[in-house]
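Notes for the structure review
Read off the chains here:
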Amino acid sequence: MKVMGIVFSNIHDKQMPELTTNRTLASVPFGGRFRLIDFVLSNMVNSGINKVGVITKKNYQSLMDHVGSGKYWDLSRKNGGLIVLPPYGSDTGSSLYSSRFEALVNISQFIRRSDEDYVVMSDCDAVCNVDFSDAVQKHIDNHADITLLYRKTTLDGAKRKRTVIETDKNRRAVAINVSGKMLGEKNVLTNMMVINREFLLNLIENAGEMDINSFTQDVLIRGINKYRIYGYELNGYFASIDSVANYYKHSIELLDKEKRDQLFYAGGANIYTKVRDSAPCRIEDSARVSNSLIADGCIIEGEVTDSILFRGVRVAKGTVIRKSIIFQDSVVCTGSRLNCVIADKQVKILENRELSGHPTHPYVIAKNTVI
């Protein structure tokens, strides 16, 4: 079976404006040295998918700097490999897409010129270690048009909308609903799916006469009795990065070794990222570091507890950092105290500052800010 991948890099940017003002969601740093796109790219490569198109929209310079030619994911190839797809791609359109389906219409030429039988589509908000091969095989066995990957999740009726799938005993979808008021354990879609390439092309090419504007509303919900739509349950570690609070929560979760191992080494499948040549982390005699992830290139002279520090962070003597996430090349000067803080790249916190947030509402400092 021949499978290609399509990655949506910008779909959920508006849900995390504090971290996506100058970058796509796909290029948001995560876990000390990774970007969110690393997880979906690694999952695809580990599943034998060696042709991946990344759909962009805006603020994608940092994304392009990170993925480059795709060589760190073994996607630098003469045929296939990693293809960055610009936001303008339709024959007639000259405006930015506003929905998932419009994005697919814009890259219809890319899909049409491919020869793979199946497409795995994914957003970049899912942090997980998934082998898509089994989902594709189940898709083939069921003669499905679309297979939706879902997680069993307990919902609390919060206002954030979720897409939920109900299936029969054979996992065929019998109902799909979108609501922000659902309670209890539900099959929540992960924004990952398998779809037949020819079926997808047919939807795109006949969108006008079929009145298709939204993939969820017009293809999934309206087509529940028209198309063969199946569900596939995901197990193992899974984190949905759909808000700053969830970004903070799931980042700090990585300090738990069991969860960290579930994510980065599930079934022997690794997560790959861009490699940088940096000096090792230097921890001075005056430093106290406990239960923290410290990337290479950091210089630690103060106290760091229950925190995540990205590459090149400098923590001065007398500084106390607790339950915080400090992005690349940031500096925290003498005497400052941070608690539940997310500091973006190249932030400088001057002497004797005291900043504090809460685990449900971390204090976020924008990139290049001096406090």
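All of the points below concern the structure found in this document. (Residues numbered from 1 in each chain as written. Predicted model: local features only at pLDDT ≥ 70, side-chain atom pairs only at ≥ 80, totals over all residues. Heavy atoms only, no water.)

Moving on to the sheet that holds strand E26 (residues 348-349). With parallel pairing, 5 strands are arranged side by side in an open sheet as E14-E17-E20-E23-E26. Looking at which strands have only one partner, the edges of the open sheet turn out to be strand E14 (282-283) and E26. Across 2 bridges, strand E20 (residues 314-315) lies against strand E23 (residues 331-332) in parallel orientation. Its bridge partner being in E23, Arg-314 is matched across the sheet by Val-331. (Pairing = 2+ DSSP bridges. Helix = DSSP H or I, 4+ residues; strand = E, 2+ residues; numbered from the N terminus.)

The subject of this paragraph is the packing of aromatic side chains. Applying the stated criterion across every chain, the model contains 9 aromatic pairs. For the pair Phe-34 and Phe-39, a centre-to-centre distance of 5.9 Å together with 40° between the ring planes defines the contact as tilted. Residue classification places Phe-34 among the buried residues on the basis of a relative accessible area of 8%. Accessibility expressed as a relative area gives 0% for Phe-39, which makes it buried. (Phe/Tyr/Trp six-rings, centres within 6.5 Å; stacked < 30°, edge-to-face > 60°. Buried < 20%, exposed > 50% of the residue type's maximum accessible area, 1.4 Å probe, protein only.)

In this approach, a probe sized like a water molecule rolls over the atoms, and the result shows the empty space that is left. Considered as a void within the structure, the second largest pocket measures approximately 230 Å³ in volume. Surrounding the second largest pocket, 14 residues form its lining, Gly-31, Arg-33, Phe-34, Phe-264 and Tyr-265 being those nearest its centre. Of all elements in the fold, only helix H11 (257-264) and strand E16 (293-294) reach the threshold of two or more residues within the lining of the second largest pocket. Its residues assigned to classes, the lining of the second largest pocket shows 9 nonpolar, 3 polar and 2 charged. (1 Å grid on protein atoms, 1.4 Å probe; cavity = no way out; pocket = protein on both sides within 12 Å on 5 of 7 lines; lining within 4 Å. Points joined across faces, edges and corners; volume = space filled by probe spheres on them. Nonpolar A, V, L, I, M, F, W, Y, C, P; charged D, E, K, R; others polar.)

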